[in-house]
Amino acid sequence: MVQEETLKAYISRTPKSKKMWDDAKRVIPGGVGSSIRCFEPYPFFIDRAKGSRVWDVDGNEYIDYIMGYGINVAGHAHPAIVNAIKEQIEKASVYTMPHEKSFWYMKELLRRFPMVDMFQFANSGTEATMHAVRAARSYTGKDKIVKIEGCYHGVHDYVIVSVGPPIGKAGPKWAPTPVIESEGMPRDAVKNTLVVPFNDAEAMETLFRRHEGEIAAVIMEPIMLNSGVVLPKRGYLERVRKLTEEYNIVLIFDEVKTGCRVAPGGASELLNIKPDMITLAKSIGGGLPLAAFGGKKEVLELMGPNGRTWTAGSYCANPLSVSAGLTCLTKVMTNKAHRYITDRGNDLLKGIKDMVEDVGVTAKVKGVGPVGYIFFTDVEPVDYRTAATTDAEKAWEFWFNMLNRDVIPWSPSLLDEWYVSVAHTKGDIAKTIETSGKALRTVKRIFGA
Ligand code: PMP
């Protein structure tokens, strides 16, 4: 439980949000448009956002590190993107017919991800991973997929498995029991989803041997950003790449969070690994819904007009999202901008690491370029189970103490991370580090080291 004085401060800052939430929850489940946005005692409501800042309906101004779960790599309402959207909306938002910008857009994605021959459009990360898995199944003629415990790939059946399972239900660490995360899925969906721990190539090989000839794909986040920030150990992804080749299994890197962020060409570029397929969303749309999945020509063409596999969507490649995304990727997220978010991210990471040490709190601070996270634990986070040792009470106390001091350190959930955008200034980073010192001192006062 968060301390009473901390909650009181939050409640006294956010009376209008409370009122809006009370109204909203009568018509929307939990009063929020996506269930993970709700938190105790109630979520605060946003009025507007610009650059690195958001303002809530009570007039509080925050430095924002949720950044739309990383969607806003360009910051909120970047003027170039706003202009692109204005220009396009005058020409309409959806044609459901081909248009030229979709070509220029995919040329840019292919420039960033040269291991891929073709990309196809989708509207969200969920759609992109759903299509990628289907493409891999169609290509290989096999049903089973392998996912990593603690990775998240959206909400379609087969991947809502072992995302954040209770450890008591999750079986042995090296051979996790697949845990369905959602009622309403067919029970046997899980028959086709096998689960392995992150950073354990031996466990993966054992599974491949046991299910030889049955597995279509491995889908994974190359840097696990849905369990805090869990980095791949040296050599792990190389082994995964080799094993998937040996066993003829399609390797899908889900770069929805890492793509066009940790490097221009995502984690694949940063870590120099070539997966067979890549899924992208979030930062690639300049703030509007836009996603893509890519792979070899022979795989992607299975989903073309003459292919045997369905993919479609009324909003796919809509010119409004494509305009925002094209401007974001070609005008805003230049190599220089990528260096900028990496540098500011590294400043923040170092500053918070130093602060944790100065204050004397037990924690592991992990990050890669513009993303980072504080695990309140003395256990090195190498997979979901070690990441989940983070002390939830300390994490929430820290979170509210940052919030009450006008910084949103990450989204209101355990094991999410901060996102630095091009709009975050050196001043924002310095203020955040200073504020984290105050919040960490409170955590120490309440819980001890
Ligand atoms: N894959 C990954 C790695 C994600 O982090 C997410 C969302 N956080 C998704 C897929 C699903 O994306 P969306 O919310 O756009 O459906």
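Just so it is clear, the model here is predicted, and its values are computed rather than measured.

Criteria and thresholds
- Residues numbered from 1 in each chain as written.
- Predicted model: local features only at pLDDT ≥ 70, side-chain atom pairs only at ≥ 80, totals over all residues.
- Heavy atoms only, no water.
- Domains from an automatic or database assignment.
- Contact = heavy atoms within 4.5 Å.
- Buried area = accessible area lost by both parts, 1.4 Å probe.
- Salt bridge = Lys/Arg side-chain N within 4 Å of Asp/Glu carboxyl O.
- Polar contact = N/O pair within 3.5 Å; in protein donor to acceptor, adjacent residues only side chain to side chain.
- Helix = DSSP H or I, 4+ residues; strand = E, 2+ residues; numbered from the N terminus.
- Nonpolar A, V, L, I, M, F, W, Y, C, P; charged D, E, K, R; others polar.
- Buried < 20%, exposed > 50% of the residue type's maximum accessible area, 1.4 Å probe, protein only.
- Pairing = 2+ DSSP bridges.
- Axes fitted to C-alpha atoms, helices over the stretch in contact; angles between N-to-C directions.
- 1 Å grid on protein atoms, 1.4 Å probe; cavity = no way out; pocket = protein on both sides within 12 Å on 5 of 7 lines; lining within 4 Å.
- Points joined across faces, edges and corners; volume = space filled by probe spheres on them.
- Near = heavy atom within 4 Å.
- Areas by Shrake-Rupley, 256 points an atom, 1.4 Å probe, with all protein chains shown as cover.

*Asks:* Is there a simple way to explain the domain arrangement of the protein chain in this structure?
*Replies:* One widely used convention gives an interface's size as the accessible area the parts lose upon coming together. In terms of domains, the protein chain is made up of domain 1 (4-73 + 334-447) and domain 2 (79-332). Each of domain 1 and domain 2 has a C-alpha centre, and these two points are 26 Å apart. Listed as interface residues are 31 residues of domain 1 and, on the opposing side, 39 residues of domain 2. Here domain 1 and domain 2 share an interface that buries about 2,700 Å² over both sides, 59% of which is from carbon and sulfur atoms. It is His338, Tyr384 and Arg385 in domain 1 that bury the most area against domain 2; as a group they hold 28% of the surface buried on that side. Our enumeration of links across domain 1 and domain 2 arrives at four salt bridges. Taking the shortest distance from any N to any O, the salt bridge between Asp383 and Lys173 comes out at 2.5 Å. Here domain 1 and domain 2 share 13 residue pairs in polar contact (both at pLDDT 80 or more) between them. Listed by contribution, the elements that provide at least two residues to the side of domain 1 that touches domain 2 are α11 (335-359), β11 (364-368), β12 (371-375) and α12 (384-387). When its residues are assigned to classes, the side of domain 1 that touches domain 2 shows 17 nonpolar, eight polar and six charged.

*Asks:* Where do I start with the pattern of salt bridges in this structure?
*Replies:* A side chain with one charge can pair with a side chain of the opposite charge if their charged atoms come near. Under the criterion given, the structure shown has 29 salt bridges. Of the charged contacts, one joins Glu149 and Arg385 as a salt bridge, the two residues approaching to 2.9 Å between their closest N and O atoms. With Glu149 in the loop between β5 (144-148) and β6 (193-196) and Arg385 in helix α12, the pair connects residues that are 236 residues apart, well separated along the chain. For Glu149, a relative accessible area of 2% translates into the label buried. Its relative accessible area of 12% is what places Arg385 among the buried residues. Between Asp416 and Lys257 there is a salt bridge, and its shortest N-O distance comes to 3.1 Å. Here Lys257 lies in the loop between β8 (250-254) and α8 (266-271) and Asp416 lies in the loop between β13 (407-408) and β14 (418-419), a separation of 159 residues in the sequence.

*Asks:* Help me out: how do you make sense of the sheet that holds β14 in this one?
*Replies:* Strands belonging to one sheet form pairs held by backbone hydrogen bonds; the direction of such a pair is parallel or antiparallel. Across the sheet, three strands lie side by side as β11-β12-β14; this open sheet has antiparallel pairing. Where the open sheet ends on each side, the last strands, each with one partner, are β11 and β14. Relative to β14, β12 runs antiparallel, the two being bridged by two bridges. What sits directly across from Val371, in β14, is Tyr419. Each of β11, β12 and β14 is contacted by α11, which is oriented at about 175° to β11, the strand it contacts most.

*Asks:* What is the right way to read empty space enclosed by the protein from this model?
*Replies:* Considering all chains together, one arrives at one cavity of 30 Å³ or more under this definition. Computed from the structure, the largest cavity encloses a volume of approximately 50 Å³. Tyr65, Leu348, Ile352, Phe398, Met402, Val407, Pro409, Trp410, Trp418 and Thr432 together form the lining of the largest cavity. Listed by contribution, the elements that provide at least two residues to the lining of the largest cavity are α11 and α13 (392-403). Partitioned by chemical class, the residues of the lining of the largest cavity number nine nonpolar, one polar and no charged.

*Asks:* How should the site of the ligand be read in this particular structure?
*Replies:* With respect to spatial proximity, the complete set of residues near the ligand consists of Ser124, Gly125, Thr126, Tyr152, His153, Gly154, Glu221, Asn226, Asp254, Val256, Lys257 and Lys282. Note that an oxygen atom of the ligand is positioned 2.8 Å from one of the backbone N or O atoms of Gly125. Between an oxygen atom of the ligand and a side-chain N or O atom of Thr126, the distance comes to 2.7 Å. In isolation the ligand exposes 390 Å². Once the protein is present, 83% of that is buried.

*Asks:* Is there a simple way to think about the environment of Gly213 in this case?
*Replies:* Topologically, Gly213 is positioned in the loop between α6 (201-210) and β7 (215-220). The class for Gly213 is exposed, based on a relative accessible area of 52%. C-alpha separation for the pair Gly213 and Tyr247, spaced 34 residues apart in sequence, amounts to 7.8 Å.

*Asks:* Any chance you could explain the sheet that holds β8 here in plain terms?
*Replies:* Spatially, seven strands are ordered β4-β10-β9-β8-β7-β5-β6 in an open sheet, and the strand pairing comes out mixed. The sheet is open, and its two edges are formed by β4 (118-122) and β6, each paired on a single side. Each adjacent strand pair in this sheet contributes to an overall mean axis angle of 20°, direction not counted. Bridge analysis of β8 against strand β9 (residues 277-280) gives three bridges, and the strand direction is parallel. Across the sheet, the residue bridging to Ile252 is Met277, located in β9.

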